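Residue strings, one per chain:
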Amino acid sequence: MKVYFLGTGTSQGIPVIGSAHPVCQSVDFKDKRLRVSIWITWETGSYVIDCGPDFRQQMLAAQCQSVDGILFTHEHADHTAGLDDIRPFNFKQGEMPIYAHQRVLDNLKTRFGYVFETQNRYPGAPSVLAIPVCNNQPLVLGGKTIVPINVMHGDLQVFGYRLDAFAYLTDVKTIEKSEIDKLQGVQVLVINALREAPHTTHFNLQEALDFIALVQPQKAYLTHISHLLGFHEEIQKKLPENVFLAYDNLEITL
Ligand SMILES: [Zn+2]
């Protein structure tokens, strides 16, 4: 299984438009972060988690040829705003299966009404096959079991996903013990870490490190990073030896 980090930035991305912050001015390619998303592939599967506003650019950068489906974590725009750009895949492969909590599917229907229109559809409109994800009901995709993990982003429910010994959790602020139990035996954990200062709806760096210490994966990668966290190179030096800052276009093999 391969995991490709399509984007590792928080909602505004890095650089932030118009920002004079030193991290936004950095020339290090690891300090350039598109909105969070990953692409996971294995012999019989190619799935993307989230489809934010940078989706088109990300698919081009990763030279992605086909996507079997998109798993959504939640409805916030930095995770969903790229839905219109699935059209090249529609033209090649037909309807795109999308997997999300029913609330998220309903939200997408409101925001992307034309995508879900059944009558008088515009011929070139994106087309999706909407499949609800329920907690405690694993999905089987491309021969692999995908376990949804329920987490809280402030007051908003968000799904993380586990595939074999890999788990991807983003936009977490709190998580119940019963959900942490589902991460037992995970070897590679991806978890959000916004910045050093606390935030009401996202883990800060210390909360992410405490969570990693609790789950005890062999390796952990931090994502959904704000420019306020600091320079990639400087922060990486301060992390425990099994914890890494993810960066855009990083690919890992499990
Ligand atoms: Zn987000």
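Whatever comes next refers back to the structure up there.
Small disclaimer: the values here were computed from a predicted structure and weren't measured.

Cut-offs and rules
- Residues numbered from 1 in each chain as written.
- Predicted model: local features only at pLDDT ≥ 70, side-chain atom pairs only at ≥ 80, totals over all residues.
- Core = buried A, V, L, I, M, F, W, Y, C linked by C-beta atoms within 7 Å.
- Buried ≥ 20, exposed ≤ 12 C-beta atoms within 10 Å, placed from the backbone.
- Contact = placed C-beta atoms within 7 Å.
- Pairing = 2+ DSSP bridges.
- Helix = DSSP H or I, 4+ residues; strand = E, 2+ residues; numbered from the N terminus.
- Axes fitted to C-alpha atoms, helices over the stretch in contact; angles between N-to-C directions.
- Right-handed = clockwise from strand over helix to strand, strands pointing away.

Colleague: I would appreciate a short explanation of the nonpolar core in the present structure.
Modeller: Where a protein is soluble and globular, its nonpolar side chains tend to be buried together. Grouped together as the largest cluster of nonpolar side chains are 63 residues, with contacts concentrated most on Ile191 and Leu222. Excluding residues within four positions of it along the chain, Leu222 makes contact with Ile191, Ala193, Ala208, Val243, Leu245 and Ala246.

Colleague: Would you mind going over the sheet that holds strand β13 (residues 243-245) with me for this structure?
Modeller: The strands making up a sheet are joined through hydrogen bonds of the backbone, oriented either antiparallel or parallel. Taken in spatial order, the seven strands line up as β7-β8-β9-β10-β11-β12-β13 in an open sheet, and their pairing is mixed. Lying at the two open borders of the sheet, with one neighbouring strand each, are β7 (139-141) and β13. On average, each strand axis in the sheet is tilted by 25 degrees relative to the strand beside it, whichever way the strands run. Where helix α8 (residues 205-215) meets the sheet, its contacts fall on β11 (188-192), β12 (219-223) and β13, and the angle it forms with β11 comes to roughly 155 degrees.

Colleague: Can you walk me through the sheet that holds strand β2 (residues 37-42) in this structure?
Modeller: Read across the sheet, seven strands follow the order β6-β5-β4-β3-β2-β1-β14 without closing on themselves; strand pairing throughout is mixed. Of all the strands in the sheet, just β6 (128-132) and β14 (251-253) have a single pairing partner and so form its edges. Each adjacent strand pair in this sheet contributes to an overall mean axis angle of 20 degrees, direction not counted. With five bridges connecting them, β2 and strand β3 (residues 45-49) associate as antiparallel partners. Residue Trp39 lies in a different strand from β3, and its bridge partner there is Val48.

Colleague: Just to check I follow, could you spell out the pairing of β12 for this structure?
Modeller: Residues in a regular strand point their side chains to alternate faces of the sheet. Extensive coverage of β12 is indicated by the burial of four of its five residues. Relative to β12, β11 runs parallel, the two sharing five bridges. When the bridges of β12 are listed, Leu189 appears paired with Ala220. Where the polypeptide runs from β11 across α8 and back to β12, its parallel neighbour, the crossover connection is right-handed. Here β12 runs beside β13; their pairing, made up of three bridges, is parallel. From the neighbouring strand, Tyr221 faces β13, where its bridge partner is Phe244.

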